[in-house]
Every structure is written in structure tokens, then in C-alpha cells.
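Descriptive structure summary
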Amino acid sequence: MFTEQHNQQFLVVPGSQGLIPNTTQTEEAVKVKSQNETKKGKSKIPRKPKESLLKQKSPAEFFAENKNIAGFDNPGKSLYTTVRELVENSLDSAESISELPVVEITIEEIGKSKFNSMIGLVDRERVDAQLYDDYETAKAREKRLAKEARAQEMQAKNAALGKKVKEQSSTKGMKGRGEASFYRVTCKDNGKGMPHDDIPNMFGRVLSGTKYGLKQTRGKFGLGAKMALIWSKMSTGLPIEISSSMKAQSYISFCRLDIDIHRNIPHIHLHEKRNNDDWWHGAEIQVVIEGNWTTYRSKILHYMRQMAVITPYAQFLFRFISDAPDKNVTIQFARRTDVMPPFLQHEFVNIGKSLAERLIGELGPEFSPKMVVKSLSDQQIVRINQLFRQAKFDDPTGDCLSPAGEYNLHLGIIKELHPDMVATYSGSAQVFEGHPFIVEAGVSVGGKDVKQGLNIFRFANRIPLLFEQGADVVTRTALKRINWGSYKINQTQDRIGVFVKIATAVKSAIQQCCIQLKSKIMKKMQAREQQERKRNLSRYIPDATNAVYDVLKHMSQSHASKRKRYSETLKEKLAEHVEKVDYEMAMEYATQSGVTEEPREDIFIQTLDPENKFIEFQSPIFVFRLVC
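Residues numbered from 1 in each chain as written. Predicted model: local features only at pLDDT ≥ 70, side-chain atom pairs only at ≥ 80, totals over all residues. Heavy atoms only, no water.

**Brief notes about the overall build of the protein chain**
Condition: Runs of H or I in DSSP of at least four residues are treated as helices and runs of E of at least two as strands, each being numbered from the N terminus. Think of it in three bands: residues with accessible area under 20% of the maximum for their type are buried, residues over 50% are exposed, and the middle band is partly exposed, with areas taken using a 1.4 Å probe on protein chains only. Computed with a 1.4 Å probe, the accessible areas rest on the Shrake-Rupley method; for each residue, only the protein chains presented here act as cover.
Check the secondary structure of the protein chain and you find 15 helices and 20 strands. Expressed as a percentage of its 628 residues, the buried residues of the protein chain come to 35%. By element, 52% of the accessible surface of the protein chain is carried by carbon and sulfur atoms, the whole surface being about 39,900 Å².

The following block contains the structure:
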């Protein structure tokens, strides 16, 4: 007999005075009941499918986890990369509408208290000082002070011995791991601007942009500005602010947004239209990120200077603002020319009508010139690809490329480095695996702020390359494969600047520049040798004059009054003879060395007033304008 009491089964045993729990039968009953329920459930409730092991990540999530791919390895490099991406986007935007770029870049240092107020956090004083990473014990402080005292004593001894003394850096407190530096980066330009409705997706959706085309631009994948926003989201949590207006647009689009990293969609805080009373066009982007100005200051300034070299038609204004006045920096890179590289694009180059008909005939009878591209089958597309790989085509003209141009490269080097001599070279378009490229190079000797020895300046797609220089083919070619001595250039003592854009066929491009420099160096050497010969010959004029005068002394005794006149006339004749001999020797030397008598130097004229109307004829090395 079973009874149920408090959800437990008991067994009535004869002769006992109470109820004894029957655990064995209870467990069996529970098992039977569960099995019965399971069997009944099979026919009614379908079995749940197993969860898939496949996981998907959004593009934003992928790049957030692999920041180093986009150049956001650490706070210092992230600050540099943010500046670089914003500047290059501004240049592309202005060049797309044939507007001479005017770019203003500002980096503002934000203190800890100001940053806390921006994110709504109240500062609190430390209660337990030993809890923090930058806590310094009494023993550690004593050791540090002793080390500083020894360093000061050593400096005093070196100063007493007349040795060069390095300035002792000011003592800095230990910086904890959680104590970061924050900066507001602002970039403003006069470019094309952005449509009002497209702004959220242009900044808040990774791998979406306007540069997926045939035309060569500095950026390609629409990643740079988005990575700055992702880094801002991860390091500060603050949104990005964008102001933009297109030409002849009566309003300014303002948008404040951040990004949903997991879903790769923009999270809009504010998106509105504001009055554009000044009819300004362009874009202004403001983002707050964690960074390190101290360690990457030289890299950022070096980048801005190299960008001014490769784009002399642009005007840059760079500012660094800090609460400490001695850290403030303001540098303006002025425009030197108004000639911009052409932007052309074509689907096919050097394929005329006759060649196209021959190609279609070679494809087979199932192809015809009137076929619609969408009607092609997969097999037909493969056939076209196979023929294009095997057929012989002329080298491309390079019209789809946008090189800096020899003229602009020459001007940029002169504007920023002020060298004693400079030579530039721009090769013809070449092709590698179906991709056209153009090699541009420049070599300068002497100049301002140029270190002794080789100074390598590398560019790709008109973008300065500042990292991993030692492993680059340009550096290795300039150091090991160029015999600088054969071009009368001292590799160790002269201040040499080497500028190369697109690192292919580097050696021949640098050699072409060196050949140009050699003729200029030979002219200078010829002028120095001519002056030296003149000084050597002129040194003996007084002795020769006195010797001849002594010989003729007896002949002039009867004409004592003419003695002085004879001496002066003799000096004049000898000086004329030295000039004549020196000129004849110089002409003979120039004839033998192949140097022309009259030097031919490049002439660079000032830009015209933009209001003037003119017809412009361009070549790789000069621009001719006919004023109407």
C-alpha cells in the first residue's frame, strides 16, 4: 500500500509503528514516469536541432580585434594613423572636384579632469594610495633620488673636463598603466563634402565608401576614418562629430554618431541640417581618441612635411594645442604651385576597334560584338579571361594613374628642403601582372634640416611611408646598389635626399637622377677649379712683374718718369693673359668632359592670379600658360 505525503512515498509495514520511506520503489517509480513522459513526448514535441558551430563576425568586429592591420597597434601609432587617414581623405576629396586643397589639422591635448567631465565622471581623490600602480615606496624614492644625484655629479665632472654634457631630462613621475593621454583631432578641408543622408553609413559602416572605382586615389577600401571611430569607441567611448556641406548647398549637415561594432551599423546621436551663411563647402571631422604625442611627435611632423613635398599644390596648417604653452606647435606649409595631377580613367587602354574585333573573332563563333555582357555564361567569361591572359597587348598609357608629376616633385623638394642641387625623373608607364605603374624619383644634395649621408623619402600612391624603412627595396637599393662615387657624390659626407614614389624599377630611376646631378656637380667642380687656377696664376703676377721689371730696368734709365707706368702696364697685361689662358683651359676642359659653356637651369615662375584667363599646356617637366 502506497500513500503520498509531502511528495514522498512511504511503505506500511505490518507490525511497525509508523510509515517507513520506500526509497528504492520511489526511484523506480520516478524513472518509469520519466520514461513514459519521454515516450509520449516523442510523438508530439519535435527534437530541437543542434546548434551550429559556425560563428559570424561583422567587418567592424573583425577590425576591432585586429587593429594592427589598419595601423592602430598602440596609442601613439593610433594618433599618427588617425591624422594620416583624415589628411589623405581631405586631399582626395578636394582633388576629386579639381579644387586646390586647403587642409587644417589640429590636435588638442585633453587633461584627465577635462576628459572626465566630457564623459560625465566626477574626479575623486585617492583613498588607498598603495592600491595604485604608480605608488612609490620610501625605499624606491630614496633609490631614485640617489640615482639622480649620481647623474648630476657625473655631469658636473664632464663639464669640468670640457666634455659635451647632455641636458638632463626633467624628472617625471611614474605613469600608471591606467593613466592615459587623450587628444581631440580635428581635420577641416575645402573638398567635395558628403550628401546629408549618406554621412551615417560613410562613417558608421565598415567597408562602405565612395572609392571603389577605377580611378586611383590614396584610399581604396573606406576603412581609415571608420577605424578612427572604432578606436575612439574602444578607447574613450565618445562619438565622432562630422560637419559637411557640398558646393552651392545652403545648409551644413551635422552628425554625431558612433558605431555598433557587433552589428556594423551606425548609432546616430544627432543628425540635423544647419544654416550655411558663408556658403562653405568641404568637411570637418572631430574625434577624441587615446594617443601618445610625446613618442610620435616627430613621426607626425615628418609625415606632414613629406606630404607637403609630394603635394606642393596643397596648403596645410598644422596645430598642436596644449595647456602647457611650451608644447604648442603651429606650422604652415604654403602652396608653391596651382598645377594639380590629372585624374583620368578608362576601362580599356590601347584597345582600338580593329583590335577589339580581332579579339572577339578569336573567342569563337558563339561571341559577337553585339552581345550583352549580362548574357554571358560562366564558361564564356572563363574563355574571355583565358584569352586576355594569353593575348599580346601594348603597354598601358598610365592615364588611369594619378602620379605626382616630375614638375610637382621638383617644386616640393625645393619648397621644403631648399637643396643646393636637385634632379627629378618620371618614367613611362609600365605594367606588372596587368597593373600599370609609374616610377617617379628625385635626388637632392644639401638643403635645410637634412642629415649628413643618405636620407630616404619613400612614397606610394602619393602617401609618405615612414615605417619599416630598413627592409624596403628603396632603402636597400640606395645603400647597396648605387655607386654614388661614380656620380661625384660623397655618400657619407654629402647631405643626400632620395625621393622615390612606387618602389619598382628603383635603381634605374635613381640613376637617371644621379646622371642629371652629375652634370651639375661637374659644372660646380669646373667653376671651383677655374677659380683655383686663377688664384694660383694671380699669386705669381707680382713676382713675375718684378722679375721682368728688373730686366728692363736698365732700358728705362733714360726714361725714369715712365718707370711707374711700365710697371702698371705690365701688371695689366699679365692679368689679361691669365684671364685668357684660364678661359681657354676652361673651354678645353668643358669640351673634353661634355659640359656645355652656358648652364641651363630650370626656371620656376610664380603662380598667376586665379582671376586671369589662360590656356595651359602641360608636360612632365614644365607648364606653359598663354594669358588670354
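**Notes on unusual backbone geometry**
The backbone phi angle of S98 is positive, close to 55°, even though this residue is not glycine. Counting through the fold element by element, S98 comes out in the loop between α3 (75-95) and β4 (102-110). Of note in the backbone geometry, H418 takes a positive phi value of approximately 50° without being a glycine. With respect to the secondary-structure elements, H418 resides in the loop between α11 (406-417) and β12 (421-426). Note on H418: relative accessible area 44%, which makes it partly exposed.

**Topic: the UniProt feature "binding site: ATP" (unreviewed entry) in the protein chain**
Filter applied, for reference: UniProt positions are given in the numbering used here, feature names are shortened, and annotations may be inferred rather than shown by experiment.
According to UniProt, the feature "binding site: ATP" (unreviewed entry) maps to N89, D189, T210, K211, G219, K220, F221, G222, L223, G224, A225 and K226 in the numbering used here. Mapped onto the secondary structure, N89 falls in helix α3.

**Some details on the confidence of the model for the protein chain**
Here is the rule we go by: pLDDT is a residue-level measure of predictor confidence that goes from 0 to 100. Only heavy atoms enter the contact rule, under which two residues are in contact if any of them lie within 4.5 Å.
Across the protein chain, the average pLDDT comes to 77, with 72% of residues at 70 or higher. When the criterion is pLDDT under 50, residues 29-34 qualifies, and its contacts beyond four places in sequence or with other chains add up to 1 contact. Confidence over residues 170-178 falls short of pLDDT 50; this stretch has 10 contacts with residues more than four positions distant or in other chains.

**So, the sheet that holds strand β8 (residues 265-275)**
Heads up, the rule is: Here, a strand pair is defined by DSSP locating no fewer than two bridges between the strands. Angular values range over 0 to 180 degrees, each being the angle between N-to-C directions of two axes fitted as lines to C-alpha atoms, with helices fitted over their stretch in contact.
Here 8 strands make up an open sheet; going across it, the order is β8-β7-β6-β9-β5-β4-β10-β11 and the pairing mixed. If you trace the sheet from one side to the other, it starts and ends with β8 and β11 (329-333), each paired once. Ignoring which end each strand starts from, the neighbouring axes of this sheet average 15° apart. Here strand β7 (residues 251-260) runs beside β8; their pairing, made up of 10 bridges, is antiparallel. Considered in β8, the bridge of Y251 is made with N275. This element, helix α7 (residues 224-235), spans β5 (181-188), β6 (240-245), β7 and β9 (282-291) of the sheet and lies at about 40° to β9.

**Quick word on the pairing of strand β10 (residues 315-321)**
Working note: regular strand, side chains alternate between the two faces of the sheet. Bridge count between β4 and β10: 7 bridges; the pairing is parallel. Looking across to β10, one finds that E104 is bridged to L317.

**A look at the packing of aromatic side chains**
Aromatic ring pairs are described here by two measures, namely the spacing of the ring centres and the angle between the planes. Inclusion rule: Note on ring pairs: Phe, Tyr and Trp rings are taken, using the six-membered ring of Trp, and paired if centres are within 6.5 Å. Classes follow the plane angle, with under 30 degrees stacked, over 60 edge-to-face and the rest tilted. Note on criteria: charge over ring means Lys NZ or Arg CZ within 6 Å of the ring centre, with the direction from the centre no more than 35 degrees off the ring normal.
One pass over the full model with this rule turns up 6 aromatic pairs. When the centroid spacing of 3.8 Å and the interplanar angle of 5° are considered together, the rings of F115 and F182 count as stacked. Residue F115 is found in helix α4 (residues 112-118), and its partner F182 is found in strand β5; the two are separated by 67 residues along the sequence. Per residue, the accessibility class of F115 equals that of F182, and both read buried. Look at Y183 and F320: their rings are 6.3 Å apart centre to centre, the planes differ by 45°, and that puts the pair in the tilted class. Of this pair, Y183 sits in strand β5 while F320 is found in strand β10, placing the two residues 137 residues apart along the sequence. Overall, Y183 belongs to the buried group, its relative accessible area being 2%. In this structure F320 comes out as buried when scored by relative accessible area, which is 1%. One Lys or Arg, K273, reaches over the ring of Y251 and ends 4.5 Å from the middle of that ring.

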